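Secondary and tertiary structure notes
The lines below spell out each chain.
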Amino acid sequence: MLEVKGIQTGIVIDHIKAGTGLIIFNKLFHTTKQPVVLLMNVNSKLLGTKDIIKMEGSHSIDVDMLGLIDENITVNFIEDNHLVKKINTGIRTRIKGGMKCDNPRCISHTDDCAIPEFTLVTEGKRMYSCSYCEERTVFKLED
Ligand SMILES: [Zn+2]
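This is a predicted model, so every value here is computed, not measured. (Residues numbered from 1 in each chain as written. Predicted model: local features only at pLDDT ≥ 70, side-chain atom pairs only at ≥ 80, totals over all residues. Heavy atoms only, no water.)

1. Concerning the overall build of the chain
Across its full length, the chain holds two helices and nine strands. Across the chain, helices and strands are ordered from the amino to the carboxyl terminus as β-α-β-β-α-β-β-β-β-β-β. Each principal axis of the C-alpha distribution contributes one length, and for the chain these read about 50 × 30 × 25 Å. Contacts in the chain between residues at least 24 apart in sequence constitute 57% of all its contacts with a sequence separation of at least 6. Surface accessibility of the chain: about 8700 Å² in total, with carbon and sulfur atoms responsible for 49%. Within the chain, one finds 18 positive and 19 negative side-chain charges whose respective centroids are separated by 3 Å. (Helix = DSSP H or I, 4+ residues; strand = E, 2+ residues; numbered from the N terminus. Contact = heavy atoms within 4.5 Å. Areas by Shrake-Rupley, 256 points an atom, 1.4 Å probe, with all protein chains shown as cover. Lys, Arg positive; Asp, Glu negative; His and termini not counted. Charge placed at Lys NZ, Arg CZ, Asp CG, Glu CD.)

2. Brief notes about the coordination of the zinc ion
Taken together, C101 (SG), C106 (SG), C130 (SG) and C133 (SG) make up the protein donors of the zinc ion, found 2.3 Å from the metal. Each of the four donor atoms bound to the zinc ion contributes to angles spanning 97 to 112 degrees, and the resulting shape is tetrahedral. Written as a sequence motif, the donor residues of the zinc ion are C-x4-C-x23-C-x2-C. With C106 in the loop between strand 6 (94-96) and strand 7 (117-122) and C130 in strand 8 (residues 127-130), this pair connects stretches of sequence that are 24 residues apart. The class for C130 is buried, based on a relative accessible area of 1%. (Donors = N, O, S within 2.8 Å, 3.2 Å for Na, K, Ca; no water. Tetrahedral: all angles 85-135°; square planar, octahedral: opposite > 155°, others 65-115°. Buried < 20%, exposed > 50% of the residue type's maximum accessible area, 1.4 Å probe, protein only.)

Listed below in structure tokens is the structure:
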């Protein structure tokens, strides 16, 4: 297996479904100035193959967005070579922002202050209900 040196202090985003790592990187981390490694198609006992993102330094992580993209993702926080925190994203039941309401007349499209909140409607199908207009909106990865 490809060897990448461990991270002293930073974040490892693990168990990303193979092929999704690049999308996550482009969506969330493309502006970072810190060293980042994206590993693709790594062997995984759990998933067959997976992607991993390793980032040095401290980063604010949008766990809601990660969970929206892929509910199986694990986020590991490492300080001084020790794992200090681990988050399993899971399916997000409430989301603030992160996606757009499907209703073209929804106030969230025209009012910059109206950040839509979404509540999960059908688990597993990523269908959410908008807090402003109650339009059902399905999260789409490529938006
Ligand atoms: Zn709406």
